[in-house]
Amino acid sequence: MSVMSSVMRGARRLVHADPALLSNFLPVPLLCPAQSPAPLLTCQQSRKFASKQVKGQRKDQKNQKVKTKVDKQEVEIRQRMTVAALAEAMNKDFDHVFEALLNTSVDLDSLEPDSVLEERWIKEVVTRSGMKFRFAKLSESRERPNRDVQCRPPADPSSLKPRPPVVTIMGHVDHGKTTLLDSLRKSQIVSTEAGGITQHIGAFLVQLPTGEKITFLDTPGHAAFSSMRARGANATDIVVLVVAADDGVMNQTVESIQHARRAKVPMIVAVNKCDKHQADPQRVKRELLAHDVVCEEFGGDVQAIHISALKGDNLLALAEATVALAEVLELKAEPSGSVEGLVIESRTDKGKGPVTTAIVQRGMLKRGCVLVAGKSWAKVRFLFDENGRAVTEAGPSTAVEVVGWKELPSAGETILEVESEQRAREVVEWRSYEEEQQKLQEEQSAIELKQKLHEEEYRKERAGLTHLTWRQRKSVLYRANRSKFAMRPSEKTTRDELSLPLIVKGDVDGSVEAILNILDSYDAEQQCQLEVLHFGIGDISENDVNMAATFTGSIYGFNVGASRSIQQLAARRGVPLRLHNVIYKLIDELKDELSGKLPPLVSENVLGEATVLAMFDVTVGKKKVPVAGCRVQKGQLERRLKFRLIRGRDVVWEGSLAALKHHKDDVQTVKAGMECGLSAEGIDFRPGDVIICFEEVDTPQVTSWDPGF
């Protein structure tokens, strides 16, 4: 047995040996030559027959037969995947998914990239593609804890102290609101107001001769400042409605009544300008009845005081009426604890930075307090009263300027005190996050609505192609939308309509808000698009000019300035700077610029009319030119203008004349009653035709937008 094994091992070595080496020891026929016509055994066959399993060999063969493990591509799937999403997850195209679903019960004719697949077909496609699947993990979004700050609960009645009333003076523009406040304060604010009209909210503390203190808010009466009046009504305890005795109830008077009613604030009517000859206070009271404002003499509960703010007549009676109403209201507040207040106005000061005018409603505001208002916070550095004097603290119903804001808060925001700067940052971060989430939710709703509309349009487009196969349908749609597919992206974004990009800058937040509210009423988009690129508070900056130059826009500034270098930069870059300190003048210039953007309206002005009496030929050189003999019936014919040929009721020709002659002379003008000959190239005139001479006049087009004042 051992001999046999040795022989077999030797044979195996011979089979694996080099033929060139064996040729030195064996005859040629035994080496399986390639040129042999019919060898009995090939070397491969010899190896098969010679092999025999021996002890220990089976294990080696098993090791050789083990296949190398192939790593399959892993595809992340989820429920309700579309065909396009599955193809993207597999890194394949749409046709691959289509081919993988052949010979299945899926209706391939209705299969589109946005078709939703069932879960079993998603798995089938992945499996048939030689891949393995795994379900996508649902990301668990951890809900962030609410870090906002809230108002304190109502205070204990025993800790409440009487406070001065906050009185807002409201009414129509130029009815004497600021003059009334001047007389109460013994100051001259009107002389400093542009155009003599108030364009900000002014907050002042007035001490009456009797010793009582009243905080007055002076709101604008102009139509543009509706939001400021609403803010003043919400921050007040009493509204003094100023109505001019010679003018009566006007638009902003009615609006002020509505603001006071919405804020549920009691009202006192001050009938101003009673010293004028045409004054009629009784007419004012009767007009107020139409708006449910019933004065005491008509059986109502609204006090009506006849005053003259300019001469100072009867102002003490108005102050006493205000104090009496405040006593009835029993106005009290907690003078201790954390501060609560309201931002009345905000602006950027060159020396102080962001500054807000605020009214303290609760607590004691001191230097060093950390405040939060909207998405801005402040560590109070300075407090100033209405006269610009620094104060150390401000109690309830006091109006102060607060310096120390990191960013400028919006007017109307609630001011709350927090314990530290870190807490203030947390609150601001949370409010920014909350606003961002709300914006994302709105965008998601808009996207879903757009998807729904797109899906409806998609189904409507394919409703008539349901009888076709998917290949035929694709071919039909491609032919129908060939021009759309061929269009380059740059051509898709080109805009044909006119547009006016704007940058709006104002001195305070309320002014910018008022201008933006006016721009929101713009309704002439069919003529020219109005786009607000940027708005802000403060003087015109280099960034504003660069942005306006990039978008070919204009800069409108209200009560702000522009340095000489900024003006030179704007002139160099061709950016219009429109700086105003009266709001209606700013809006008028904006309307003029919008009108200047519009193309002129072309109108026709008919100058003359002639009738063709006869036709004859005139020889010019070697050519015969047909000439129409005419008589001018109306006006005059001018050769340089355009002519129209009317035959019956149809316009046959319109253009310029080749020649206009009177007798044999070339003339430029032929007047009514005269005869003339005229010719035009390629035109066949006939007797009885009417020829009209007209000129095209360009008329400037005016924007149809009416802001209401």
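Scoring rules and cut-offs
Numbering of residues begins from 1 in every chain and follows the order in which that chain's sequence is written. Confidence filtering applies because this is a predicted model: local features only for residues at pLDDT of at least 70, side-chain atom pairs given and counted only at 80 or more, and all residues used for totals across whole chains, interfaces and linings. Side-chain metrics rest on all non-hydrogen atoms present in the structure, leaving aside hydrogens and water. In DSSP terms, a helix is any run of H or I states spanning at least four residues, a strand is any run of E spanning at least two, and both are numbered starting from the N terminus. Computed with a 1.4 Å probe, the accessible areas rest on the Shrake-Rupley method; for each residue, only the protein chains presented here act as cover. Contacts described as polar in this section are N or O atom pairs within 3.5 Å, which, within protein, must combine one atom able to donate a hydrogen with one able to accept it, while residues neighboring in sequence count only if both atoms come from side chains. Stacked, tilted and edge-to-face are the three classes applied to pairs of Phe, Tyr and Trp rings, where Trp contributes its six-membered ring and a pair requires centres within 6.5 Å; stacked means planes under 30 degrees apart, edge-to-face means over 60, and tilted covers the rest. Note on exposure labels: buried denotes an accessible area under 20% of the residue type's maximum, exposed denotes more than 50%, and partly exposed covers the range between, all computed with a 1.4 Å probe on protein chains only. A ring is scored as having a charge over it whenever the NZ atom of a lysine or the CZ atom of an arginine sits within 6 Å of its centre and within 35 degrees of its normal. Axis angles are defined between N-to-C directions and span 0 to 180 degrees, where every axis is a line fitted to C-alpha atoms and, for a helix, only to the segment in contact. Our angle categories are set so that under 35 degrees counts as roughly parallel, over 145 as roughly antiparallel, 65 to 115 as roughly perpendicular, and the remainder as oblique. Should any heavy atoms of two residues lie within 4.5 Å, those residues are counted as being in contact. In the sections that follow, a salt bridge refers to a side-chain nitrogen of Lys or Arg positioned within 4 Å of a carboxyl oxygen of Asp or Glu. Here, a strand pair is defined by DSSP locating no fewer than two bridges between the strands. By this rule, a helix spans an expected 1.5 Å times one less than how many residues it contains. As used in this record, nonpolar core signifies buried Ala, Val, Leu, Ile, Met, Phe, Trp, Tyr and Cys residues forming a set joined through side-chain atoms within 4.5 Å. The quantity called pLDDT is the predictor's confidence in a given residue, expressed from 0 to 100. Surface patches are drawn from residues lacking salt bridges whose relative accessible area is over 30%; two like charges belong together within 9 Å, two nonpolar side chains (Val, Leu, Ile, Met, Phe, Trp, Tyr) within 5 Å. When the near helix sits turned anticlockwise from the far one by under a right angle, the crossing is termed left-handed; a clockwise turn instead gives a right-handed crossing. Just so you know the grouping, Ala, Val, Leu, Ile, Met, Phe, Trp, Tyr, Cys and Pro go in nonpolar, Asp, Glu, Lys and Arg go in charged, and all remaining residues, Gly too, go in polar.

**A few points about the overall build of the protein chain**
Link 1 in the chain: Of the regular secondary structure elements, the protein chain holds 20 helices and 32 strands.
Link 2 in the chain: For the protein chain, the accessible surface area stands at approximately 41800 Å², while carbon and sulfur atoms represent 50% of it.

**Thoughts on the side chain of Asp-507**
Link 1 in the chain: Within the secondary structure layout, Asp-507 lies in the loop between strand E20 (499-506) and helix H17 (509-520).
Link 2 in the chain: A polar side-chain atom of Asp-507 sits 3.1 Å from a polar atom in the side chain of Ser-511.

**A look at the packing of aromatic side chains**
Link 1 in the chain: Evaluated as defined, the whole model comprises 6 aromatic pairs.
Link 2 in the chain: Measuring from ring centre to ring centre gives 5.7 Å for Trp-430 and Tyr-433, while their planes differ by 40 degrees; the resulting arrangement is tilted. With Trp-430 and Tyr-433 both in helix H13 (residues 421-462) and 3 residues apart, the pair spans about one turn of that helix.
Link 3 in the chain: Residue Tyr-433 is classed as partly exposed on the basis of its relative accessible area of 24%.
Link 4 in the chain: Taken together, a centroid distance of 6.4 Å and an interplanar angle of 80 degrees make the contact between Trp-653 and Phe-685 edge-to-face. You can see Trp-653 sitting in strand E27 (residues 650-655) and its partner Phe-685 sitting in the loop between strand E31 (675-679) and strand E32 (690-699), a full 32 residues away along the chain. Assigned by exposure class, Trp-653 and Phe-685 land together as buried.
Link 5 in the chain: The ring of Phe-384 has Lys-352 sitting right over it, with the charged end atom 4.1 Å from the ring centre.
Link 6 in the chain: Seen from the ring of Phe-694, Arg-644 lies directly overhead, with NZ or CZ sitting 4.3 Å from the centre.

**What about the packing of helix H18 (residues 542-550) against helix H19 (residues 564-573)?**
Link 1 in the chain: Their axes nearest at 10 Å, the elements H18 and H19 cross at an angle of 10 degrees. Here H18 lies roughly parallel to H19, going by the angle between them. Only Ile-566, Leu-569, Ala-570 and Arg-573 of H19 make contact with H18, whose side of the interface consists of Glu-542, Val-545, Asn-546 and Ala-549.

**Section: the pattern of salt bridges**
Link 1 in the chain: Taken as a whole and assessed by the stated rule, the structure comprises 35 salt bridges.
Link 2 in the chain: Between Glu-334 and Arg-362 there is a salt bridge whose closest N-O contact spans 3.1 Å. Pair noted here: Glu-334 is in the loop between strand E10 (332-333) and strand E11 (340-349) and Arg-362 is in strand E12 (residues 353-362), with a separation of 28 residues, a long-range link. Across the pair, Arg-362 and Glu-334 agree in class, each one buried.
Link 3 in the chain: Taken together, the salt bridges that share partners define one network made up of Arg-147, Glu-419, Arg-423 and Glu-426.

**Re the sheet that holds strand E22 (residues 554-558)**
In any sheet, the strands associate via hydrogen bonds between backbone groups, in a parallel or an antiparallel arrangement.
Link 1 in the chain: The parallel open sheet is built from 4 strands, whose spatial order is E21-E20-E22-E23. The open sheet has two free edges, formed respectively by strand E21 (529-537) and strand E23 (577-580), since each of these has just one partner strand. With direction set aside, neighbouring strand axes in the sheet form an average angle of 20 degrees.
Link 2 in the chain: Contacts from H17 reach E20, E21 and E22 within the one sheet, and its direction differs from that of E21 by about 175 degrees.
Link 3 in the chain: Relative to the sheet, H18 contacts E20, E21 and E22, its axis offset from that of E20 by approximately 170 degrees.

**Comments concerning the environment of Val-302**
Link 1 in the chain: Relative to the helices and strands, Val-302 resides in the loop between helix H11 (281-289) and strand E9 (303-306).
Link 2 in the chain: On the accessibility criterion, Val-302 (11% relative accessible area) is buried.
Link 3 in the chain: Separated by 36 residues in the primary sequence, Val-302 and Pro-266 have C-alpha atoms spaced 8.0 Å apart.
Link 4 in the chain: The residues contacting Val-302, other than those within four sequence positions of it, are Met-267, Val-269, Val-293, Val-294, Cys-295 and Glu-296.

**Some remarks on helix H12 (residues 315-329)**
Link 1 in the chain: For H12, with 15 residues, the first-to-last C-alpha span of 21 Å sits near the 21 Å given by 1.5 Å per residue.
Link 2 in the chain: For H12, the complete set of buried residues consists of Leu-315, Leu-318, Ala-319, Ala-321, Thr-322, Val-323, Leu-325 and Ala-326.
Link 3 in the chain: Glu-330 occupies a position one or two residues after H12 and carries a positive phi of about 50 degrees.

**Notes on the nonpolar core**
Burial of nonpolar side chains together is a common tendency in soluble globular proteins.
Link 1 in the chain: Counting 26 residues, the largest nonpolar core has Leu-180, Phe-216 and Leu-318 as its most contacted members.
Link 2 in the chain: Going through the elements one at a time, strand E4 (166-171), helix H8 (177-185), strand E5 (202-207), strand E6 (213-218), strand E7 (238-244), strand E8 (267-272) and H12 are the ones with two or more residues in this core.
Link 3 in the chain: Per element, the largest residue contribution to this core is 7 residues, and it comes from H12.
Link 4 in the chain: In this view, Leu-318 contacts Leu-180, Val-240, Ile-268, Ala-270, Ile-305 and Ile-307; residues no more than four positions away in its chain are not counted.
Link 5 in the chain: In this structure, Ala-100, Leu-117, Met-131 and Trp-470 belong to the second largest nonpolar core, which totals 23 residues.

**Describing the confidence of the model for the protein chain**
Link 1 in the chain: In this model, the protein chain carries an average pLDDT of 80, and 82% of its residues clear a pLDDT of 70 or more.
Link 2 in the chain: Helix H3 (residues 43-50) is the least confidently modelled element of the protein chain, averaging 43 in pLDDT, while strand E14 (residues 370-373) averages 94, the highest of any element.
Link 3 in the chain: A low-confidence stretch, residues 1-5 stays under pLDDT 50, and its non-local contacts, those more than four residues away or across chains, total 0 contacts.
Link 4 in the chain: Contacts from residues 221-225, a stretch scored under 50 in pLDDT, to residues over four places away or in other chains number 26 contacts.

**Examining the pairing of E32**
Link 1 in the chain: Bridge analysis of strand E24 (residues 601-620) against E32 gives 10 bridges, and the strand direction is antiparallel. Counted as the bridge partner of Glu-604 is Glu-696 from E32.

**Section: a nonpolar patch on the surface**
Link 1 in the chain: Among the surface-exposed residues, Phe-616, Val-618 and Val-620 lie close enough to one another that they form a single nonpolar patch of about 240 Å² accessible area.
Link 2 in the chain: Topologically, Val-620 is positioned in strand E24.

**Regarding the packing of H17 against helix H20 (residues 583-597)**
Link 1 in the chain: One can describe the packing of H17 onto H20 by two numbers: an axis separation of 12 Å at closest approach and a directional angle of 40 degrees. In this structure, H17 meets H20 at a crossing whose hand is right-handed. Judged by residue contacts, Ala-514, Ile-515, Ile-518 and Leu-519 of H17 engage Ile-583, Leu-586, Ile-587 and Leu-590 from H20.
Link 2 in the chain: Each residue belonging to the contact of H17 with H20 can be placed in one class, and the counts come to 8 nonpolar, no polar and no charged.

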